[in-house]
Amino acid sequence: MTAARFTGISLAALIAATLASAASAQTIYVSNEKDNTLSVIDGKTMAVTDTIKVGKRPRGITLSRDGTQLFICASDDHTVQVFDLTSKTVVHNLPSGEDPEQFALSPDGKSLIIANEDSNIVTVVDVPTRKVAFQVDVGVEPEGMDVSPDGRWGVNTSETTSMVHWIDMEKRAVVDNTLVGPARATPSSPRTARSCGCRRRLAAPSASSTPPPVR
């Protein structure tokens, strides 16, 4: 499958999920931020099987831990939509803060950690109660989000500030910041962060310093 087959549509996020079924068929979900839709792709045939209208400017998406729901950042609606994969409908919305872009789901599936690009904050939502647990200030244009395998640390990247922000989930506070590429003439603009469970560390692409180990 190539981007050319989605002419005129921005592919903002992609998730491949093995759904619970007799055939264990692989299904791929793609958020299309320019036409406010979610594309459903058959992982075996690589063919689009459905296109579903969702909120305005859908960007980050991630599956619930039980694989029954899809969380969708509807950036221009300033909300996170909860999409039921069986009924193929949005069942409810979660508070997200302004302009949610990317997020990470905690290992226990109870906390959604959201980067709010326009307001320079990170919002943490309690999924079961559908309420905001807390918010923290970060750098300018926060985008990438991830969480450590044990759920203790959240990590956020701010594109304009060129920093990685370390969030202590127990203290509900930013406890450290890592400047990315300080020796470079131009900002490095970090956008994405991903954890590596095997080494129990969090890593931001192009970071010039070693992130703290997850304790």
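These numbers come from a predicted model, not from an experiment.

Caption draft 1: Local environment of the overall build of the protein. For the protein, the count of helices and strands is zero helices and 18 strands. Within the protein, buried positions represent 46% of all 215 residues. When contacts within the protein are restricted to residue pairs at least 6 apart in sequence, long-range pairs at least 24 apart make up 35% of them. Total accessible area on the protein is roughly 10300 Å²; 48% of this is exposed by carbon and sulfur atoms.

Caption draft 2: How the structure looks around the pairing of strand 13 (residues 142-147). Counting buried positions along strand 13 gives six out of six residues, so the element sits mostly inside the fold. Summarising the sheet, strand 13 and strand 14 (residues 153-158) pair through four bridges and their orientation is antiparallel. Residue pairing across strands places Pro-142 opposite Ser-158, the latter belonging to strand 14.

Caption draft 3: Structural view of the nonpolar core. Listed in full, the twelve residues of the largest apolar core are Ala-104, Ile-113, Ala-115, Val-122, Val-124, Phe-134, Val-136, Val-138, Met-145, Val-147, Ile-167 and Met-169. At the level of secondary structure, the elements contributing two or more residues to this core comprise strand 10 (111-116), strand 11 (121-126), strand 12 (131-137) and strand 13. Among residues more than four places away in sequence, those in contact with Val-136 are Asn-120, Ile-121, Val-122, Ile-167, Arg-172, Ala-173 and Val-174.

Caption draft 4: Representation of the packing of aromatic side chains in the model. A complete count under the given rule lists zero aromatic pairs for this structure. The ring centre of Trp-153 lies 5.2 Å from the NZ or CZ of Arg-152, which sits over that ring.

Caption draft 5: Molecular detail of the confidence of the model for the protein. Model confidence for the protein is summarised by a mean pLDDT of 81, while 72% of its residues fall at 70 or above. Averaged pLDDT values for the elements of the protein fall to 46 in strand 1 (residues 11-18) and rise to 98 in strand 11. Low pLDDT (under 50) marks residues 1-13, which in the prediction has 30 contacts with non-local residues, meaning those over four places away or in another chain. Segment residues 196-215 is flagged for pLDDT under 50; beyond a separation of four residues in sequence, or across chains, it makes 48 contacts in the model.

Caption draft 6: Up close: unusual backbone geometry. You will see that Arg-57, though not glycine, has its phi angle at about 55°, which is positive. Summarising the element assignment, Arg-57 is placed in the loop between strand 4 (48-53) and strand 5 (58-63). For Arg-130, which is not glycine, the phi dihedral falls at a positive 60°. Structurally, Arg-130 can be placed in the loop between strand 11 and strand 12.

Caption draft 7: The arrangement of the sheet that holds strand 7 (residues 79-84) in detail. Spatial strand order, 5-6-7-8: four strands in an open sheet with antiparallel pairing. Both outer strands of the open sheet, strand 5 and strand 8 (89-95), are each paired with one neighbouring strand and no more. Neighbouring strand axes in the sheet, compared pairwise and without regard to direction, differ in orientation by 25° on average.

Caption draft 8: Spatial organisation of the pattern of salt bridges. Here the structure, examined in full by the defined rule, presents eight salt bridges. For Lys-88, the salt bridge identified is with Asp-50, shortest N-O distance 3.3 Å. Note that Lys-88 is positioned in the loop between strand 7 and strand 8 and Asp-50 in strand 4, a separation of 38 residues in sequence. Between Asp-168 and Arg-152 there is a salt bridge, and its shortest N-O distance comes to 2.7 Å. In this pair, Asp-168 sits in strand 15 (residues 163-168) while Arg-152 sits in the loop between strand 13 and strand 14, placing the two residues 16 residues apart along the sequence. Taken together, the salt bridges that share partners define one network made up of Glu-33, Arg-57, Arg-59, Asp-76, Glu-101 and Glu-117.

Conventions and cut-offs
- Numbering of residues begins from 1 in every chain and follows the order in which that chain's sequence is written.
- Where local features are concerned, this predicted model is filtered to residues with pLDDT of at least 70; where side-chain atom pairs are given and counted, the filter is 80 or more; whole-chain, interface and lining totals use all residues.
- Side-chain metrics rest on all non-hydrogen atoms present in the structure, leaving aside hydrogens and water.
- Per the convention used, a helix needs a DSSP run of H or I reaching at least four residues, while a strand needs a run of E reaching at least two, with both numbered from the N terminus.
- Categorising residues by exposure relies on relative accessible area from a 1.4 Å probe, with only protein chains included: less than 20% of the type maximum marks a residue as buried, more than 50% marks it as exposed, and the intermediate range marks it as partly exposed.
- Residue contacts are counted whenever heavy atoms from the two residues lie within 4.5 Å of one another.
- Accessible areas in this description were obtained via Shrake-Rupley with a 1.4 Å probe; residue shielding takes into account the shown protein chains only.
- By this definition, two strands are paired if DSSP reports at least two bridges between them.
- Buried residues of nine kinds, namely Ala, Val, Leu, Ile, Met, Phe, Trp, Tyr and Cys, make up a nonpolar core once their side-chain atoms join them within 4.5 Å.
- A pair of Phe, Tyr and Trp rings is counted when the ring centres sit within 6.5 Å of each other, with Trp represented by its six-membered ring. The angle between the planes then sorts it: under 30 degrees is stacked, over 60 is edge-to-face, the rest tilted.
- We call a charge positioned above a ring when the Lys NZ or Arg CZ atom is no farther than 6 Å from the ring centre and deviates by at most 35 degrees from the ring normal.
- Confidence scores per residue from the predictor, reported as pLDDT, run from 0 to 100.
- Note on definitions: angles span 0 to 180 degrees between N-to-C directions of axes, and those axes are lines fitted to C-alpha atoms, for helices only across the stretch in contact.
- A carboxyl oxygen of Asp or Glu within 4 Å of a side-chain nitrogen of Lys or Arg is what we treat as a salt bridge.

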